[in-house]
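Fold and contact review
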There are 2 protein chains.
Amino acid sequence: MPEIARRPENRYGNRPTMKDVAARAGVGLKTVSRVVNGEPGVTADTERRVQEAIEALGFRRNDSARVLRKGRTASIGLVLEDLADPFYGPLSRAVEEVARAHGALLFNGSSAEDPDREQELALALCARRVDGLVIIPAGGDHRYLEPEIRAGVATVFVDRPAGGIDADVVLSDNHGGARAGVAHLVAHGHRRIGFIGDMPRIHTAAERLRGYRTAMEDAGIPVEPSWTSLGATVPERVRRAAEEMLSGPAPVTAIFAGNNRVTVTVVRVLAELGRPVALVGFDDFELADLLRPGITVVAQDSGRLGRTAADRLFRRLDGALVAPERVELPTRLITRGSGELPPAG
Amino acid sequence: MPEIARRPENRYGNRPTMKDVAARAGVGLKTVSRVVNGEPGVTADTERRVQEAIEALGFRRNDSARVLRKGRTASIGLVLEDLADPFYGPLSRAVEEVARAHGALLFNGSSAEDPDREQELALALCARRVDGLVIIPAGGDHRYLEPEIRAGVATVFVDRPAGGIDADVVLSDNHGGARAGVAHLVAHGHRRIGFIGDMPRIHTAAERLRGYRTAMEDAGIPVEPSWTSLGATVPERVRRAAEEMLSGPAPVTAIFAGNNRVTVTVVRVLAELGRPVALVGFDDFELADLLRPGITVVAQDSGRLGRTAADRLFRRLDGALVAPERVELPTRLITRGSGELPPAG
């Protein structure tokens, strides 16, 4: 297939081909192929001549063509929400390390929380014949992937489940984690507890809200409508929601923040408020321990989520797995001060 | 090329081919090809029959084969130091957005600050025929890329320059930024100022150390050997370096931290110290303003670095650029309190 590199429209027109190597070494094409692919049947002297020609011409094997012929591309795709969100850094790196251990390269892209962009990206990766996909879904309907999965693209969902199809998924215990975090605030004397989360169509946001409601029900506290606010995690929206809960005649005395983007903005609002309000956030983040007070969090292990998902992907590519499975990883409450403040007043 | 999908060893053996679509629609292969590629010469009725067959079979065009035939793969590679380092998040996302605007997908990988791993990754991406590479180099010798660049792989270095070859590079003004940061400490009365940086073979670490030395020379302060420490940015090493500078009969009264990984550890050491020490860090980081005192930093714009590098890459792919250029972006001193503390004692 390297001969396509000779077509005039080809940017790689200058790349030496196996034919060039054969001509320079004065051997046949099959002999060059044997040397390049490490196959037997070549004398030491001939191999040396071929290697010298390869060196002199700067010949490099074209893996794209080779892997296409073999039907595997040794590449996988990772579709996440935002390459710039620090939560996904350790997850991406973990997926990369597993891929690397399997000799595969990683495509990486952001859905920007837009279901259309997720689909466009996932299908573009399939059209490029990735062997598998790790997807943090933005959308709730993944039937568009059915033909790809049937055709052999291994697919594992992580952080949030797939919608409308039966597929592997690796999640944190979002309900249990939020329930434990809110119960912690209740145990420190709070009853008026606010919840600020991501958009309700996002699985993790809905599950964490459910965990909040379970903990409040466990404690026999009826939740007032003004105590919960779900929406985009942009600072303006979160700030408005926090300020509303914290004002009026009966403000909340504690806030449970639904993810690290929310927590960071709530910390800013509380720093300006001038009276102590308890705070527990879902997701750990760097420097949470150095703020005053330190921020109590429900930590999930983003690296372990990525590693577990990628391991499943490659086991599936090896043909080792049959039925899709749901794997749920535990969360961990880390107390640092902000979640142990008593109710003000 | 889709017919290779029929070979028995192929994992994608179940994918419907253009031949299957042609058979089902009762038309010739060329007609299917015209419909798939949006070419003229097909009646509306025939196009509808072909589209129905495509839909029914779940046929998808194989972009890998198509782009190989055209000599462009519409993919680029980004080699950075660590996918998990928050500094690279906005840079990666910016490169992705530029690639997306050009219809290209992004391969992403970490060198883990290991020159061999950088080379292995860059060459693996070239072997996969990426159209271009954006590289944050770990190594100092990039002659291994010469055959690839000659063969048409557009290559732009970012954050640190290439070694041994003439290539585009987009940098921050590391020397000027560090010089301004250290001058700021001098202006607040400090003379015994420490510098803790990354490994000296890393361009940014060396340039920032040079900026520190220039500022000290500007102020007529001879630098004592015990005031500078370069090495890996793992917390243990940085902690030891900081503790050494801060102990003894004549400790430093201020520290300039060479990057965000160093700053975070120095902040932890100072929080335990119990006496005020001034701190300026290179690189801004989330929550730097919420620590007490807020952390004064020399900020570089990591998103702009990525965007500028990716823009150059695609202009080069369009044939718009000739000679390699060095682009230097300014840094910005942000004062928040830690850099304005007076010398203790």
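Quick caveat: nothing in here was measured; it's all calculated off a predicted structure. (Residues numbered from 1 in each chain as written. Chains lettered and ligands numbered in written order. Predicted model: local features only at pLDDT ≥ 70, side-chain atom pairs only at ≥ 80, totals over all residues. Heavy atoms only, no water.)

All names here are of chain A. Taken residue by residue, chain A gives an average pLDDT of 89. The fraction at 70 or more is 92%. Segment residues 1-13: pLDDT under 50, and 29 contacts once partners within four positions in sequence are set aside and those in other chains are kept. Listed scores for the predicted complex are pTM 0.81 and ipTM 0.79. (pLDDT = per-residue confidence, 0-100. Contact = heavy atoms within 4.5 Å.)

Moving on, we come to helix α1 (residues 18-25) of chain A. Residues and elements named next belong to chain A. For α1, the full list of buried residues reads M18, V21, A22 and A25. Within α1, the buried residues cover an arc of 100° as seen down the axis, which keeps them to one side. Relative to its buried face, α1 has exposed residues pointing more than 90 degrees away, namely A23 and R24. Buried residues belonging to α1 abut α2 (29-36) and α3 (44-57). G26, located one to two residues past α1, shows a positive phi value of around 70°. (Buried < 20%, exposed > 50% of the residue type's maximum accessible area, 1.4 Å probe, protein only. Helix = DSSP H or I, 4+ residues; strand = E, 2+ residues; numbered from the N terminus. Arc of directions from axis to C-beta.)

Residues and elements named next belong to chain A. For chain A, the assigned domains are domain 1 (8-61), domain 2 (74-172 + 303-328) and domain 3 (174-300 + 332-340). Relative placement of domain 2 and domain 3: their C-alpha centres are 29 Å apart. Roughly 900 Å² of surface becomes buried between domain 2 and domain 3 when both sides are summed, with 49% attributable to carbon and sulfur atoms. The three residues of domain 2 that bury the most area against domain 3 are F87, E113 and S172, which together make up 46% of that side's buried surface. Across the side of domain 2 that touches domain 3, the residue classes tally to 7 nonpolar, 1 polar and 4 charged. (Domains from an automatic or database assignment. Buried area = accessible area lost by both parts, 1.4 Å probe. Nonpolar A, V, L, I, M, F, W, Y, C, P; charged D, E, K, R; others polar.)

Before going further, it helps to spend a moment on the pairing of strand β9 (residues 278-282) of chain A. Residues and elements named next belong to chain A. Among the 5 residues of β9, 5 are classified as buried, and the element is accordingly described as predominantly covered. The alternating pattern of β9 places A278, V280 and F282 and L279 and G281 on opposite faces, both of which are buried. Pairing geometry for strand β8 (residues 254-257) and β9, over 4 bridges, is parallel. Of the residues in β9, the one forming a bridge with A257 is G281. You can see the chain leave β8, run along helix α11 (residues 260-273) and come back into β9, and the turn it takes is right-handed. Across 3 bridges, β9 lies against strand β10 (residues 296-299) in parallel orientation. (Pairing = 2+ DSSP bridges. Right-handed = clockwise from strand over helix to strand, strands pointing away.)

In terms of nonpolar packing, the biggest core is built from 86 residues, with A:I196, A:F256, B:I196 and B:F256 touching the most fellow members. Ignoring sequence-local partners within four residues, the contact set of A:I196 consists of A:S229, A:R237, A:V238, A:A241, A:A242, A:M245, A:I255, A:F256, A:A257, A:G258, A:V262 and A:V266. (Core = buried A, V, L, I, M, F, W, Y, C linked by side-chain atoms within 4.5 Å.)

Examined against the element boundaries, B:R117 turns out to sit in helix α6 (residues 115-127). Accessibility expressed as a relative area gives 8% for B:R117, which makes it buried. Dropping the residues within four chain positions of it, B:R117 is found in contact with A:R93, A:E96, A:E97, A:R100, B:S110, B:S111 and B:A112.

Turning to helix α3 (residues 44-57) of chain B, a few remarks are in order. Residues and elements named next belong to chain B. For α3, which comprises 14 residues, the first-to-last C-alpha distance of 20 Å matches the rise-based estimate of 20 Å (1.5 Å per residue) to within 8%. Residues of α3 that are buried include every one of T46, V50, A53 and I54, and no others. Projected onto a plane normal to the axis of α3, the buried residues spread over an arc of 100° and lie on a single side. Among the exposed residues of α3, those oriented more than 90 degrees off its buried face are A44 and E55. In the core, the buried residues of α3 are packed alongside α1 (18-25) and α2 (29-36). Positive backbone phi, approximately 70°, marks G58, located one or two places after α3. (Expected span 1.5 Å × (residues − 1).)

As a general point, the strands of a sheet are linked pairwise by backbone hydrogen bonds and lie either parallel or antiparallel. Residues and elements named next belong to chain B. One open sheet accounts for 6 strands, arranged β7-β6-β8-β9-β10-β12; its pairing is mixed. Each end of this open sheet is capped by a strand with a single partner; those strands are β7 (228-230) and β12 (332-334). With strand direction ignored, the average angle separating the axes of adjacent strands in the sheet is 15°. Contacts from helix α9 (residues 203-218) reach β6 (193-197), β7 and β9 (278-282) within the one sheet, and its direction differs from that of β6 by about 170°. Of the strands in this sheet, β6, β7 and β8 (254-257) touch helix α10 (residues 235-245), which is tilted by about 170° from β6. (Axes fitted to C-alpha atoms, helices over the stretch in contact; angles between N-to-C directions.)

Take the sheet that holds β8(A) next. Residues and elements named next belong to chain A. One open sheet holds the 6 strands; their spatial order is β7-β6-β8-β9-β10-β12, and the pairing between them is mixed. The two strands at the open ends of the sheet, each matched to only one other strand, are β7 (228-230) and β12 (332-334). The mean angle between the axes of side-by-side strands here comes to 15°, regardless of whether they run parallel or antiparallel. Summarising the sheet, strand β6 (residues 193-197) and β8 pair through 4 bridges and their orientation is parallel. Each residue of the ladder has a partner; that of G194, found in β8, is I255. Sheet contacts for helix α10 (residues 235-245): β6, β7 and β8; angle to β6, the most-contacted strand, approximately 170°.

Two side chains bearing opposite charge may form a pair once their charged atoms approach each other closely. All names here are of chain B. Taken as a whole and judged by the stated rule, the model has 48 salt bridges over all chains. Note that R48 and D45 form a salt bridge whose closest N and O atoms lie 2.5 Å from each other. Of this pair, R48 and D45 are both found in helix α3, 3 residues apart, which corresponds to roughly one turn of the helix. Among the residues examined, R48 registers a relative accessible area of 42% and is labelled partly exposed. Taking relative accessible area as the criterion, D45 reaches 40% and is therefore assigned partly exposed. (Salt bridge = Lys/Arg side-chain N within 4 Å of Asp/Glu carboxyl O.)

A few words on the environment of A:T331. Residue and element names in this part refer to chain A. In this fold, T331 is placed in the loop between β11 (326-329) and β12. Classification of T331 by relative accessible area gives partly exposed; the value is 23%. Separated by 34 residues in sequence, T331 and V297 have C-alpha atoms that sit 9.9 Å apart. When near neighbours in sequence (up to four residues on either side) are disregarded, T331 contacts S172, D173, G177, F282, V298, A299 and Q300.

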